[in-house]
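Commentary on secondary and tertiary structure
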Amino acid sequence: MPRPARAPRDLIADQLVSFCDELRSEGLAVGTSEILDAFSAVEQVPWSDRLQFREALAATLAKSQEDRHLFEQVFDRWFFRAAELEAIDREGPVEADGAEPDRGESGEPIDGERIDVDELTEMIRQAIADGDDALMRDLAQLAVAAFGRRGEGSGVVGVDVQRIRRSLGLTPGSQAQAADGAGEDVELDRDGVRRFEGHLRRELERRLIERTGKLPPARPLADLDRALPTNPTQDLAAVHRSVTMLKRRLATLGNEQRGRRRGRVVDVRRTMRASLETGGVPLTLRYRPRRPRRPEIYVLCDVSTSVTSASVFFLSVLHALHDSFRKLRSFVFIERISEVTETFERERDFRKVSERISQDGGVADISGYTDYGRVWLEFLEEISADLDPRSTVIVLGDARTNGRDPHAAAFAKLTERAGRTFWLNPEPRLYWNYGDSVMAAYEPLTTESFECWTTKHLEHFVDVVAKP
Amino acid sequence: MSPPPTAAAGSGPAAGLEATRDALAASGYLADDSAALVSHLAQQLGKPVLVEGPAGVGKTELAKALSRATGRELIRLQCYEGLDEAKALYEWNYRKQLLRIQAEAGTGPEGEPAGGEVMEDIFGEEFLLTRPLLAAIASEAPVVLLIDEIDKTDQEFEAMLLEVLSDFQISIPELGVVEAQSMPIVLLTSNNSRELTEALKRRCLYLWLDYPAIDREVEIVRLHVPDLDAGLARRLVEVVGMVRELDLKKPPSIAESIDWARALLLLGADQIDSETFNRTMSIIVKHRTDLDLVAERVGMRLPAAGRNDGTS
């Protein structure tokens, strides 16, 4: 049993409280009531089971998916360090039968001589394929032992991890072909390999700590670790989500306004009419109904090379918007402007859309350089007749004209016609007006300009647009 | 924190946990580790559970299974925009009150027969219409209270829930405080369409349910459609998994994979080839635009009809 009687209650209590402190320092909102909950939850699970111990803590301390992601990293880091600290304190060879919940179960001492590398590789592959964390941890110990014996260690943990991984031949997806014959997928998924690397890293760190007898300084989580693991489609899903939120907010906003009594406008005509019943004395006031703004939206999106990375983001925003608004016309531009409303309506798949747009002849991209001035002139010529005070124009672009005339006057005319104009700039505000960016010429003309390079910014923008 | 957790506690909690998991399985719900653990904690600690996750992963089903497993009655409050206290907590039965007043007025011919008495009278429990929350709190037998899709309500409603969730009591100004007779198991579900308030989250245990791993989903499908061939069930779940990876308006839920399994069984299909898939895909995909995408991305990769077994 990994939990001997020598752990008194208050020792655990101290540990848990300082673990919660650590969570707080990483930005989780852990209140006193949560800590109390965590204590009572932990009493309900067997402490010897790392997984259940962790789940019990997570259920009480991490209250959203993002929190959960942070929690897991802090949990691993903190209990690892706590275990090591304990080991140093006791100066005992507590290597494998560790007393902390963090430790592995393999009690037997590791005998480096017996390790056959091929066999080891096979076992590791299997463990990764099965997603068996406990086994992976033990195997990582074996692997480190095997390679330590060969004297290839560089002493730098990060380098060693990669070295060991490579010599074991673990590259994600490396078994894909072999698996086909067997009829089952034994392909090493990227996640599994990364988890195994994590175990390797921890084992190496553990050895380093043993050698030097002290803990390396604690590092806070980097931003990269903080963010939820994403891929382009997931990002797209996030954009879709915030646009769905926009839609919901637009729908509910009307209701909220309806309930608000202040700031309503008296409808004189209907009040007079109602006063006829009371002999011309206006006893009951009639108000004008408040109608939520249902904006007609025109979106202009820069798809030139200077915003390549951002335009994928923008296009996905555009794409998501299309599902949500009925009256939405979209345009893409580089040197000239072209309407893509129909493409978006027809195509559901985002990748296709971007392909089509890039090959669409309409976006006359002769030099690949944006010409904002020309775009405004063309837009005015073609579309401006449709613009009215109820319409909202949203421009997505970095306002880098490549030294050409910004034609701010044309843009001014455009903003005059439209009810509201918003500018979303994919660059941080710091870079505006730097180099060939002429944001200063346009910004005063717009209703408001935003920097927009994360979905958070997008959500903020959504808030503003949804206001009546 | 009353029972001292010592080495002896090692078997106790684990046994309780296993019992919870088995009871859930017996009532037709295969819970994964965290779901079983959190349901167990909810019963032991008497705390509400906030269940989040994509649509169709069995959040509501978990509550139903819990009610079956514990033999408690399920009281369900379906949330929607504009849900208010009158619909969720209680309401005075105005008609009955009015009748009572009129009846009282009728008996006393001499004018006003102590209006105060009537006043006190008509705000009795007799005139109270209980709504789900009050019903759950006031119930003699312990119940499972499901507050479904809490994210659909507005924040004011959430604030009102706080009293119910932390103290299991409801204050009715005219009547006093109604305290819980027995500790209900409370589950709140959310599709994450808006951020819930910190105050609410603070009072709850948190459980994130995601689409199950392939093996588990195969088990689930087999549990509900036992006649389906094991190999076919696995293939079906794999295809559903492929569909879920696409960026769809509405990814198929677990219930839909079960429906699909039933349909395949009815049709007597013994494998999923592209023809069967195209014919039956409308069971798992419910948007026209999604249909096109799925047909193109998944349908194409399935073997054509007539050939044996899939090499996808």
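Residues numbered from 1 in each chain as written. Chains lettered and ligands numbered in written order. Predicted model: local features only at pLDDT ≥ 70, side-chain atom pairs only at ≥ 80, totals over all residues. Heavy atoms only, no water.

What to know about the overall build of chain A
- The helix and strand inventory of chain A stands at 19 helices and six strands.
- Relative to its full complement of 468 residues, chain A shows a buried share of 47%.
- Restricting the contact set of chain A to residue pairs at least 6 apart, pairs at least 24 apart contribute 72%.
- Accessible surface for chain A amounts to roughly 24400 Å². Of this, 51% is attributable to carbon and sulfur atoms. (Helix = DSSP H or I, 4+ residues; strand = E, 2+ residues; numbered from the N terminus. Buried < 20%, exposed > 50% of the residue type's maximum accessible area, 1.4 Å probe, protein only. Contact = heavy atoms within 4.5 Å. Areas by Shrake-Rupley, 256 points an atom, 1.4 Å probe, with all protein chains shown as cover.)

Some words on the side chain of Asp 302 of chain A
Residues and elements named next belong to chain A.
- Structurally, the position occupied by Asp 302 is in strand 1 (residues 296-302).
- One buried charged side chain, Asp 302, makes no salt bridge at all; its nearest oppositely charged neighbour is Arg 400, positioned 8.8 Å away.
- Of note is the side chain of Asp 302, whose polar atom sits 2.8 Å from the side chain of Tyr 372. (Lys, Arg positive; Asp, Glu negative; His and termini not counted. Salt bridge = Lys/Arg side-chain N within 4 Å of Asp/Glu carboxyl O. Polar contact = N/O pair within 3.5 Å; in protein donor to acceptor, adjacent residues only side chain to side chain.)

Some words on a nonpolar patch on the surface
- Together, Val 266, Val 268, Met 272 and Leu 285 of chain A line one region of the surface with nonpolar side chains, adding up to about 350 Å² of accessible area.
- Note on placement: Met 272 of chain A falls in helix 12 (residues 268-275). (Patch = residues over 30% accessible without salt bridge, like charges linked within 9 Å, V, L, I, M, F, W, Y side chains within 5 Å.)

A closer look at the packing of helix 2 (residues 32-42) of chain A against helix 3 (residues 50-61) of chain A
Residues and elements named next belong to chain A.
- Running from N to C, helix 2 and helix 3 point in directions that differ by 150°, and their axes come no closer than 8 Å. Comparing their axes, helix 3 and helix 2 come out roughly antiparallel. The element helix 2 and its partner helix 3 pack so that their crossing is right-handed. Only Phe 53, Ala 56, Leu 57, Thr 60 and Leu 61 of helix 3 make contact with helix 2, whose side of the interface consists of Glu 34, Asp 37, Ala 38, Ala 41 and Val 42. (Axes fitted to C-alpha atoms, helices over the stretch in contact; angles between N-to-C directions. Parallel < 35°, antiparallel > 145°, perpendicular 65-115°, else oblique. Left-handed = near helix turned anticlockwise from the far one by under 90°.)

Topic: the pairing of strand 5 (residues 143-148) of chain B
Residues and elements named next belong to chain B.
- Across the six residues of strand 5, six count as buried, placing the element largely inside the fold.
- By the alternation rule, side chains of strand 5 split into Val 143, Leu 145 and Ile 147 and Val 144, Leu 146 and Asp 148, which are all buried.
- Bridge count for strand 5 against strand 8 (residues 185-190) is four bridges, and the pairing is parallel. When the bridges of strand 8 are listed, Val 144 appears paired with Ile 185. (Pairing = 2+ DSSP bridges.)

Overview of the packing of helix 10 (residues 214-224) of chain B against helix 12 (residues 254-267) of chain B
All names here are of chain B.
- Remark: helix 10 packs on helix 12, axes separated minimally by 10 Å, with the N-to-C direction vectors making an angle of 50°. On the basis of the axis angle, helix 10 is oblique to helix 12. Once helix 10 is placed against helix 12, the crossing between them reads as right-handed. Seen from helix 10, the contacting residues are Glu 217, Ile 220, Val 221 and His 224; seen from helix 12, they are Ile 254, Ser 257, Ile 258, Ala 261 and Arg 262.
- In the contact of helix 10 with helix 12, the residues fall into five nonpolar, two polar and two charged. (Nonpolar A, V, L, I, M, F, W, Y, C, P; charged D, E, K, R; others polar.)

Concerning the sheet that holds strand 9 (residues 205-208) of chain B
Residue and element names in this part refer to chain B.
- Spatial strand order, 2-5-8-1-9: five strands in an open sheet with parallel pairing. Pairing within the sheet leaves two strands with one partner each, and these edge strands are strand 2 (73-78) and strand 9. When the angles between neighbouring strand axes are averaged without regard to direction, this sheet yields 20°.
- Note: strand 2 against strand 5, six bridges, orientation parallel. Residue pairing in the sheet places Glu 73 in a bridge with Val 143 of strand 5.

So, the packing of aromatic side chains
- Summed over all chains, the structure comprises 25 aromatic pairs over all chains.
- Each residue in the set Phe 19, Phe 53, Phe 71, Phe 75, Trp 78 and Phe 79 of chain A is aromatic and connected to the rest through ring pairs, giving one cluster.
- Lying across the ring of Phe 127 of chain B, Lys 96 of chain B places its NZ or CZ 5.7 Å from the centre. (Phe/Tyr/Trp six-rings, centres within 6.5 Å; stacked < 30°, edge-to-face > 60°. Lys NZ or Arg CZ within 6 Å of the ring centre and 35° of its normal.)

As for the sheet that holds strand 1 of chain A
Residues and elements named next belong to chain A.
- Strands sit in the order 3-2-1-4-5-6 across an open sheet of six strands; the sheet is mixed. In this open sheet, the two strands that pair with only one neighbour each are strand 3 (337-339) and strand 6 (448-451). Direction aside, the axes of adjacent strands within the sheet are offset by 20° on average.
- Relative to strand 5 (residues 420-425), strand 4 (residues 391-396) runs parallel, the two being bridged by five bridges. Bridge assignment links Leu 396 to a residue of strand 5, and that residue is Leu 424.

What to know about the confidence of the model for chain B
Residue and element names in this part refer to chain B.
- Confidence along chain B averages 81 in pLDDT terms, with 88% of residues attaining 70 or more.
- Across residues 1-11, confidence stays below pLDDT 50; counting only partners more than four residues off in sequence or on other chains, it has ten contacts.
- Low pLDDT, under 50, characterises residues 307-312; the predicted model gives this stretch six contacts beyond four residues in sequence or across chains. (pLDDT = per-residue confidence, 0-100.)

Considering unusual backbone geometry
- Even without being glycine, Ala 399 of chain A reaches a positive phi, approximately 55°.
- Locating Ala 399 of chain A in the fold gives a position in the loop between strand 4 and helix 17 (408-417).
- You will see that Phe 168 of chain B, though not glycine, has its phi angle at about 50°, which is positive.

Brief notes about the nonpolar core
Residues and elements named next belong to chain B.
- The biggest cluster of nonpolar side chains holds 35 residues, and the ones touching the most others in it are Leu 133, Ile 147, Ile 150, Phe 157 and Leu 188.
- With six residues, helix 8 (residues 155-167) is the single largest residue contributor to this core.
- Ranked by size, the runner-up nonpolar core spans 31 residues in total, among them Val 218, Leu 232, Val 237 and Ala 261. (Core = buried A, V, L, I, M, F, W, Y, C linked by side-chain atoms within 4.5 Å.)

A short note on the pattern of salt bridges
- One pass over the full model with this rule turns up 25 salt bridges over all chains.
- Across the pair Glu 55 of chain A and Arg 68 of chain A runs a salt bridge whose closest N-O atoms are separated by 3.0 Å. Of this pair, Glu 55 of chain A sits in helix 3 while Arg 68 of chain A sits in helix 4 (residues 65-90), and the two are 13 residues apart along the sequence.
- Assessed through its relative accessible area of 10%, Glu 55 of chain A is described here as buried.
- Linking Arg 68 of chain B and Glu 61 of chain B is a salt bridge whose minimum nitrogen-to-oxygen distance equals 3.5 Å.
- The class for Arg 68 of chain B is partly exposed, based on a relative accessible area of 44%.
- By relative accessible area, which is 31% here, Glu 61 of chain B ends up partly exposed.

Section: the side chain of Glu 158 of chain B
- Relative to the helices and strands, Glu 158 of chain B is located in helix 8.
- Other than its neighbours up to four places away in sequence, Glu 158 of chain B contacts Ile 150, Arg 194, Leu 196, Thr 197 and Leu 200 of chain B.

A word on the environment of Ala 42 of chain B
Residue and element names in this part refer to chain B.
- Structurally, the position occupied by Ala 42 is in helix 2 (residues 33-45).
- Classification of Ala 42 as buried rests on a relative accessible area of 4%.
- In sequence terms Ala 42 and Pro 184 are 142 residues apart; their C-alpha atoms lie 9.8 Å from each other.
- Those residues in contact with Ala 42, other than ones at most four positions away along the chain, are Lys 47, Val 49 and Leu 205.

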